Amino acid sequence: MSQWDAVRAIAWARRAAFAESGSSALLLIERASAATGIGYALLPAGHPLLYGAQGVYDPEYRMIWVDASLPMETRTFVLAHEYAHYWLGHGAMITVAADLDFTADDSPSAQRVEGYSPFDLVERSANVFAREFLLPPALLVPWFADRRWGGAIVPDVPALARHLGVPERMLSYQIARAVLLPPESAIASPPETVVRDAAPLDASQRVAAYAKCGPLLVEAGPGTGKTRTLVHRVNHLLETGVLPEEILILTFSNRAAGELRDRVALAQPDAAPRLWAGTFHAFALELLRKYAEGRIDALRSGFELIDPVDARLRFESVVTALGLTHYDDLTDPTAPFPAFFSAFSRAKDELVGPEAYAALVAAMEAGNDQSRATEVARVYARYQELLREVNGCDFGDLLLHAVRLLHDWPEVRHIVRSHCRHILVDEYQDVNRASRELLHLLAGEGAGLWVVGDARQAIYGFRGASHGSLRDFPADYPGASVVRLERNYRSRRAIVDRVSAFAPHVGAQPVNPTGDHARPFTPWEVERTDAAGTFRYLLAATEEDEANAIAGAMRQLAAADTPYRDQAMLCRSYTVLERMAERLEARGVPVLYLGDLFERPEVRDLLSFLSLASDPDGRGLERVARFAAYRVPPADVRRLLTHARGEGLPFPAALRLTKTLPDLTDAGRSGLLRLTADVDAAIGTDAGPYTMLVRYLFDRGDYLRPLLADASLAGQRRRMALYQFLDFVHAYERRDDARGGEAMRGLFRYVRSLEIAREDRRYGQLPAWADGIDAVRLMTVHAAKGLEFPAV
């Protein structure tokens, strides 16, 4: 059970104890006050008891103070947020700004750098609680079906928001979850996780988990229980008197950090929210926000973290002024951007700024493509100037600036080291040079350093990672100990034996603590004795034969009690994934794979609707007019487009020509009139793209009706894709450039830039809530790292 799932479960239980479905937010707050004995008072903005915040929970006086100047629906959310602090056991809290938009889902729209300090985790937990307490998704399904809530007729989302006294934007997000996602089921901890963490450690794991001090390197081959050992290491530190605030856990994914925090919480529920767990980049971001001002010239107070797409969008405005020759593409000035940004990223991974980059280029031998490299160096320097001008840094800058901060400012280094006395690092084989140097500055001689990794699992070389970090660990930290986890718990003997036969021939060999040479490989002991397991190798003559063989094997497994959801297919590339998904579906195998989200038909439908509602030339009309709700003949569409252009009338206003335009068929006129009404209702007053889509989908309803009636896997995928796209637009609207009249045009530009930067692929990734769908998982080898499936 994730931390967010646990918070949701508590919120739903509190809601069920207080109210029937018809209760307004204000009535829920009154019941919360009566049940807890904690009163609340509205104070003028700026009152000393508010400490400059929106709300304050004061357990000593058993009171909640709230800024009276907030809109009513925001006040109720802040109050629910403050009662959450009480119910979640957080103690006294000052809520600077409760975040109505925080989703806490593992959606691809989440920021790449997601590092929550203990304070952030507490605040975000209260945000999630408040939203789920006020608006449980399960209570919104009946409303969507009959538009009635507590006996009152509430015909649309804005009316329901007013009826309940909650923000419309938060309500629409909950409706999307209620209608498009599988029903919320009882949330329970995965029993296998609880059993694994509660079971006694084996001898090698005990040595690793209970080591008196570092530096310690734990060699953990696949399936040897490295996460479990790391969790026990944290528990051991806490049980021996180490404060949670003194523990820093560094990982290489937000998912891994969340899992570690959740598993620590099972044994140490009070301590888990107080330790810091996150990625290297997230920790670097926190360091810079605390200490960079006045120390890092490139960053000023309130600097912005700029994602890869933003960086490209901003750079478009300056690249044409650089006078490029080797990288000058007149048809598309952004065509060289992927090469440029890849070079910048790799340079920062190696701690090479623009000045050092130019010096390295100057040192190149003539004739070694120096002129092209010189041009890249000039572009790199201008790019960093641009970041400085907008007071921003990109993903690669986080480590680069953090290393400089700790290296050049000993007093900051001393403060950070005094707080981070124990540092645990997961997947150490994946660190690049910048991460490795940052860790060295944090850990010093390594007395509190504990890292776990496996050289044979170093598969991120294309990102600058090197298994040399493991090989050089004894040299980086003299006196380091190396412990090897010896037992495999994941796989059956057939798999372990194959890996053991292959492993000695892999170039990355185990570390020798003396540093003289690699130690010989020792096969793992096998824990599982439940069955022999199978390992099959087939060679197909054609791609069709390959698809037939794989589909046949999947059907056999499903018939033999390995459901499709327990099967995974790994492919080398996204191109192969697309091809295999199509072929398996053609052979009747259910596949859970969204592919390119922005190319899916239902997403293109919604993009076309937004285009029709915002683009003067009406280019979205041809696609939207074909929707089942309208069925406008193509000839009528062409007639309207031609007449609108002749009159110089822009869309969507040109849709009103439908009433008087001659020569339209009856079906065409009827469909266009319905479309005009739907567009007018969706646009409303000052509506952004997210509000427009929500009103179109949930207030008008005709587009969604056939999708909701489709119980097939394809129907589930279509609803899932719609949810992912809504989540994407929801996140987009939080950007500064997504406000005002340019919001719609900016959305299309942003999607285009995502695809150019190849960042669009992550939006087709499946979130955790899709795990219960009975279909085969398709993923790349890299995306599968760290996951387990009974059949692969």
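Conventions and cut-offs
- Residues numbered from 1 in each chain as written.
- Predicted model: local features only at pLDDT ≥ 70, side-chain atom pairs only at ≥ 80, totals over all residues.
- Heavy atoms only, no water.
- Helix = DSSP H or I, 4+ residues; strand = E, 2+ residues; numbered from the N terminus.
- Rg over C-alpha atoms; globule rule 2.2 N^0.38 Å.
- Buried < 20%, exposed > 50% of the residue type's maximum accessible area, 1.4 Å probe, protein only.
- Phe/Tyr/Trp six-rings, centres within 6.5 Å; stacked < 30°, edge-to-face > 60°.
- Lys NZ or Arg CZ within 6 Å of the ring centre and 35° of its normal.
- Lys, Arg positive; Asp, Glu negative; His and termini not counted.
- Salt bridge = Lys/Arg side-chain N within 4 Å of Asp/Glu carboxyl O.
- Polar contact = N/O pair within 3.5 Å; in protein donor to acceptor, adjacent residues only side chain to side chain.
- Contact = heavy atoms within 4.5 Å.
- Core = buried A, V, L, I, M, F, W, Y, C linked by side-chain atoms within 4.5 Å.
- Pairing = 2+ DSSP bridges.
- pLDDT = per-residue confidence, 0-100.
- Axes fitted to C-alpha atoms, helices over the stretch in contact; angles between N-to-C directions.
- Left-handed = near helix turned anticlockwise from the far one by under 90°.
- Nonpolar A, V, L, I, M, F, W, Y, C, P; charged D, E, K, R; others polar.
- 1 Å grid on protein atoms, 1.4 Å probe; cavity = no way out; pocket = protein on both sides within 12 Å on 5 of 7 lines; lining within 4 Å.
- Points joined across faces, edges and corners; volume = space filled by probe spheres on them.
- Patch = residues over 30% accessible without salt bridge, like charges linked within 9 Å, V, L, I, M, F, W, Y side chains within 5 Å.
- Areas by Shrake-Rupley, 256 points an atom, 1.4 Å probe, with all protein chains shown as cover.

**Q** Talk me through the overall build of the protein; I want residue IDs and the actual numbers.
**A** Per the secondary structure count, the protein includes 32 helices and 19 strands. Over its C-alpha atoms the protein spans a radius of gyration of 28 Å, differing by no more than 12% from the 28 Å that the globule rule assigns to 792 residues. For the protein, the spread of C-alpha atoms along the three principal axes comes to 90 × 75 × 65 Å. Burial analysis of the protein (792 residues in total) assigns 52% to the buried set.

**Q** Give a description of the packing of aromatic side chains that names residues and reports values.
**A** Going through the model one piece at a time under the given rule, you end up with 34 aromatic pairs. Ring geometry for Phe315 versus Tyr383: centroids 5.6 Å apart, planes at 85°, classification edge-to-face. Remark: Tyr383 occurs in helix H16 (residues 370-389) and Phe315 occurs in helix H13 (residues 308-319); sequence separation between them is 68 residues. Look at Tyr383 and you get buried, because its relative accessible area is 1%. Between the aromatic rings of Tyr696 and Tyr703, the centroid separation amounts to 6.3 Å while the plane-to-plane angle is 40°, which identifies the pairing as tilted. Like Tyr703, Tyr696 is buried. Within the aromatic cluster, the residues linked to one another by ring pairs are Phe315, Tyr327, Phe337, Phe340, Phe341, Phe344, Tyr357, Tyr380 and Tyr383. Across the ring face of Trp143, the terminal group of Arg147 is positioned such that the distance to the ring centre comes to 4.7 Å. Its end group placed over the ring of Trp409, Arg295 keeps NZ or CZ at 5.5 Å from the ring centre.

**Q** Explain the side chain of Asp349 to me, using residue names and the numbers behind them.
**A** Looking at the secondary structure, you find Asp349 in helix H14 (residues 337-349). Buried and without a salt bridge, Asp349 has Arg346 as its closest oppositely charged side chain, separated by 4.2 Å. Side chain to side chain, Asp349 and Asn432 meet in a polar contact 3.3 Å long. Discounting residues that sit within four places of it in the chain, Asp349 has contacts with Asn432, Arg433, Ala434, Arg463 and Gly464.

**Q** An account of the pattern of salt bridges is requested, with residue identities and associated values reported.
**A** The full count for this structure, using the stated rule, is 46 salt bridges. Note that Glu132 and Arg131 form a salt bridge whose closest N and O atoms lie 2.9 Å from each other. With a relative accessible area of 0%, Glu132 lands in the buried category. For Arg131, a relative accessible area of 2% translates into the label buried. Among the ionic pairs, Glu585 bridges to Arg717, the shortest N-O distance being 2.1 Å. Highlighted residues: Glu585 in helix H24 (residues 574-586) and Arg717 in helix H31 (residues 713-732), separated in sequence by 132 residues. One continuous salt-bridge network, built from bridges that share partners, spans Asp5, Arg8, Arg131, Glu132 and Arg177.

**Q** Account for the nonpolar core, with residues named and values stated.
**A** One recurring pattern in soluble globular proteins: nonpolar side chains tend to sit buried together. One finds Leu621, Phe698, Phe725 and Phe728 to be the most contacted residues of the largest nonpolar core, which totals 113 residues. A per-element tally of this core places H31 first, with ten residues. Dropping the residues within four chain positions of it, Leu621 is found in contact with Leu612, Val637, Leu640, Leu641, Phe651, Leu655, Leu672 and Leu675. In terms of nonpolar packing, the next biggest core, distinct from the first, is built from 46 residues, Leu217, Phe280, Ala292 and Val416 among them.

**Q** Please give an account of the sheet that holds strand S18 (residues 591-592) that cites residues and values.
**A** If you walk across this open sheet you meet the three strands as S17-S19-S18, and the pairing is parallel. This sheet does not close on itself; its edge strands, each paired only once, are strand S17 (568-571) and S18. Both S18 and strand S19 (residues 776-780) contribute to a ladder of two bridges, which runs parallel. For Val591, the partnering residue across the bridge sits in S19 and is Val776.

**Q** How would you explain the environment of Ser23 if you had to name every residue and give the values?
**A** Within the secondary structure, Ser23 is located in the loop between helix H1 (3-18) and helix H2 (25-36). You can call Ser23 buried: its relative accessible area is 3%. The spacing of Ser23 and Gly150 is 127 residues in sequence and 7.3 Å in space, taken between C-alpha atoms. In this structure Ser23 touches Arg15, Leu28, Arg31, Trp149 and Leu164, once residues within four positions along its chain are discounted.

**Q** I'd love a proper account of the confidence of the model for the protein, names of residues and values included.
**A** For the protein, mean pLDDT is 86; residues scoring 70 or higher make up 91% of the total. Taking the mean pLDDT of every element in the protein, the minimum, 54, falls on helix H8 (residues 191-198) and the maximum, 96, on strand S12 (residues 422-425). Contacts from residues 186-191, a stretch scored under 50 in pLDDT, to residues over four places away or in other chains number eight contacts.

**Q** Describe the packing of H31 against helix H32 (residues 743-756), listing the residues and the values that go with them.
**A** H32 packs onto H31 with a crossing angle of 115° between their chain directions and a minimal axis gap of 11 Å. Crossing angle aside, the handedness with which H31 passes H32 is right-handed. Between H31, through Phe728, Val729 and Tyr732, and H32, the contact on the second element is made entirely by Ala743, Gly746, Leu747, Tyr750, Val751 and Leu754. Looking at the contact of H31 with H32, its residues break down into eight nonpolar, one polar and no charged.

**Q** So, empty space enclosed by the protein: which residues are in play, and what are the values?
**A** Over the atoms, a rolled probe matching the size of one water molecule traces out where space is still vacant. By the definition in use, this model includes four cavities of 30 Å³ or more. Considered as a void within the structure, the second largest cavity measures approximately 50 Å³ in volume. As for the second largest cavity, its lining consists of Glu168, Arg169, Ser172, Tyr690, Thr691, Val694 and Arg695. Those elements that provide at least two residues to the lining of the second largest cavity are helix H7 (168-180) and helix H29 (689-700).

**Q** Let's hear about the pairing of strand S8 (residues 247-251): which residues, and what values?
**A** Burial runs high along S8: five of the five residues are buried. Of the two faces of S8, the one lined by Ile247, Ile249 and Thr251 and the one lined by Leu248 and Leu250 are each fully buried. Pairing of S8 with S12, which is carried by four bridges, proceeds in the parallel orientation. Opposite Leu250, over in S12, you have Val425 as the bridge partner. Sheet analysis places S8 next to strand S9 (residues 276-279), joined by four bridges and oriented parallel.

**Q** Before we move on, can you summarise the pairing of strand S3 (residues 63-67) with the specific residues and values?
**A** Within S3, five of the five residues are buried, leaving the element largely enclosed by the surrounding structure. Here S3 shows two buried faces, one formed by Met63, Trp65 and Asp67 and the other by Ile64 and Val66. Across five bridges, strand S1 (residues 39-43) lies against S3 in parallel orientation. Following the sheet pairing, Tyr40 is matched in S3 by Ile64. The pairing of strand S2 (residues 55-58) with S3 spans four bridges and is antiparallel. From the neighbouring strand, Tyr57 faces S3, where its bridge partner is Ile64.

**Q** Would you mind going over a nonpolar patch on the surface in detail, with residue names and values included?
**A** A surface patch of nonpolar side chains, about 270 Å² in accessible area, is lined by Leu570, Val781 and Val792. Position of Leu570 among the secondary structure elements: in strand S17.

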